[in-house]
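# Chain and residue survey
Listed here are the chains, written in short residue letters.
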Amino acid sequence: MQTAKKGDVASLKSYDVLIIGGGAAGLMAAGTSAGFGAKTAVVEKNEKLGKKLYITGKGRCNVTNSADLDGFLANIPTNGRFLYSAFSSFFNNDLVSLLARYGTKTKTERGGRIFPQSDHSSDIIAALSKYALGSGAEWIRASAAQILIRDGKIAGVKLETGEEIAAKKVIVATGGVSYPQTGSTGDGYRFARFAGHHIVAPKPSLVPLVTKERWVSDLMGLSLRNAAIRIKGADGKELYRDFGEMLFTHYGVSGPIILSASAYLKEKTPPFPLEIDLKPALDAAALDKRVLRDFTAAANKDFANSLDALLPKKLISVMIQLSGINSHKKVHDITKEERAFLVHLLKALPLTITGTRPIAEAIITSGGVSTKEIYPKTMESKLLSGLYFAGEVVDVDALTGGFNLQIAFSTGYLAAESAALSAKAET
């Protein structure tokens, strides 16, 4: 990807398509636009392209999911139907093929999650950069101050240096406000408002949850691989249930099933009762028999020394505390009622969710440019001709599992295809 030199006004003069943001959506848009023959450039303020991609999936980068279209839509709680055209233009199989074409093979893991075979997010960034480089797109390392509007349509971008870059079409792919250290600082919302767009208030999604109970800090770092959770609303109605991996933190809970749960809580008001089933493979009756067998084998031991086969070490002291059973009580003296309550705790360990961690710690920003003001078949603004949006800046978000990155790639592709063909038609 060619880089325009700082201060080289000639190199900044005019483009068919100008993309603000060099993340997942922006890189896809750059390669696609230039591939359709449009003179294309990316304005990116970071020292590296795809900076947020480096940290996704704990550095492994869960780029997409193998689910079919219905499976994708089932995992997109916010405005999923808006994405029909984007997914029809460029979907998971297209992404896997493109990455392979540029040297990055992928693999599919549990839940249909697709990762680079190397487990290195840098390989995804390398492939996308090669895609853009091979297409001839340029990278202008600079900060965009504002979009330019003349005669009722887009005219380009003004940089913070004061320089103006003319463009027939502009694609805003700046991300949301999550992980601001990666450059996602809400600039796209400002550009959209300048064009007259409404912004759905940004909220954290795929974010760890804060709990009221202090004992969670004693479990910090404990990961449960096969747990089931159920979350209720203030009215007692179930809001969410899931099964999989979760993690205890010093402030509450995190991990894949907790992050996905947060996507369903963002429009609700806490507190939310949370129940954790520590033994989801067993119903209450079967679990009671299992506990009884363990107690029979440890009949002469103190209660505190009878749970090693049942629970992780870190969890034992907490369960003893919550059970109300004296830790030094001999197991053969534990009553049937006490054992029944212990089984209940194992099947429904109670916590109270009081809120989320800050939006800066969220994986995804929920909210953004209203989908009601964007044409879904082109990603072009309904309010300003020549202005397009792609990726997290749009009010669309999904659960964990690679769905959000595919949204970025699909909308980036569709916006770029639409913008490039439209710009070429004007030539």
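Scoring rules and cut-offs
Residues numbered from 1 in each chain as written. Predicted model: local features only at pLDDT ≥ 70, side-chain atom pairs only at ≥ 80, totals over all residues. Heavy atoms only, no water. Phe/Tyr/Trp six-rings, centres within 6.5 Å; stacked < 30°, edge-to-face > 60°. Helix = DSSP H or I, 4+ residues; strand = E, 2+ residues; numbered from the N terminus. Buried < 20%, exposed > 50% of the residue type's maximum accessible area, 1.4 Å probe, protein only. Lys NZ or Arg CZ within 6 Å of the ring centre and 35° of its normal. Pairing = 2+ DSSP bridges. Axes fitted to C-alpha atoms, helices over the stretch in contact; angles between N-to-C directions. Contact = heavy atoms within 4.5 Å. Arc of directions from axis to C-beta. Salt bridge = Lys/Arg side-chain N within 4 Å of Asp/Glu carboxyl O.

## A short note on the packing of aromatic side chains
This structure, assessed with the given rule, holds eight aromatic pairs. Ring centres of Phe72 and Phe403 lie 4.9 Å apart, and the angle between their planes is 85 degrees; this geometry places the pair in the edge-to-face category. Here Phe72, found in helix α2 (residues 69-74), pairs with Phe403, found in helix α11 (residues 403-426); they are 331 residues apart in sequence, far enough to count as distant. Overall, Phe72 belongs to the buried group, its relative accessible area being 0%. Between the aromatic rings of Phe90 and Tyr413, the centroid separation amounts to 4.9 Å while the plane-to-plane angle is 20 degrees, which identifies the pairing as stacked. In this pair, Phe90 sits in the loop between α3 (84-89) and α4 (92-101) while Tyr413 sits in helix α11, placing the two residues 323 residues apart along the sequence. In this pair, the class of Phe90 matches that of Tyr413, namely buried. Put simply, the rings of Phe72, Phe87, Phe91 and Phe403 pair up and form one aromatic cluster. The ring of Tyr54 is capped by Lys48, whose NZ or CZ atom sits 5.4 Å from the centre of that ring. Over the aromatic face of Tyr251 sits the side chain of Arg357, whose NZ or CZ is 4.2 Å from the ring centroid.

## Some points on the sheet that holds strand β13 (residues 223-232)
Read around the barrel, six strands follow the order β12-β15-β14-β13-β16-β17 and close on themselves; strand pairing throughout is antiparallel. Each neighbouring strand pair of the sheet contributes to a mean axis angle of 45 degrees, computed without reference to strand direction. As defined by bridge partners, β13 adjoins strand β16 (residues 272-277) across four bridges and the pair is classed as antiparallel. Note that in β16 the partner of Arg230 across the bridge is Glu275.

## A short note on the environment of Arg113
Within the secondary structure layout, Arg113 lies in strand β6 (residues 113-116). Remark: the alpha-carbon pair of Arg113 and Cys61, spanning 52 residues in sequence, is separated by 9.9 Å. For Arg113, the residues in contact, after removing those within four places along its chain, are Asn62, Thr64, Asn65, Lys107, Thr108, Pro256, Thr400 and Gly401.

## Observations regarding α4
Within the span of α4, buried status applies to Asn92, Leu95, Leu98 and Leu99. Take α4 and look down its axis: the buried residues cluster within an arc of 125 degrees, on one side only. Of the residues trailing α4, Gly103 is marked for its positive phi of about 95 degrees.

## A short note on the side chain of Thr411
If you trace the backbone, Thr411 turns up in helix α11. When neighbours within four sequence positions are excluded, Thr411 is seen to be in contact with Leu83, Ala86, Met379, Ala390 and Gly391.

## Notes on the pattern of salt bridges
The tally for this structure, following the rule as stated, stands at 22 salt bridges. A salt bridge links Arg60 to Asp119, with the nearest nitrogen and oxygen atoms 3.0 Å apart. In this pair, Arg60 sits in the loop between β3 (40-44) and β4 (64-65) while Asp119 sits in the loop between β6 and α5 (121-135), placing the two residues 59 residues apart along the sequence. Classification of Asp119 by relative accessible area gives partly exposed; the value is 25%. In this structure, Glu426 and Lys169 form a salt bridge, with 2.7 Å as the shortest nitrogen-oxygen distance. On the criterion of sequence distance, the pair formed by Glu426 in helix α11 and Lys169 in strand β10 (residues 164-172) is long-range, its members being 257 residues apart. On the accessibility criterion, Glu426 (45% relative accessible area) is partly exposed. Residues participating in the shared-partner salt-bridge network are Arg60, Lys107, Glu109 and Asp119.

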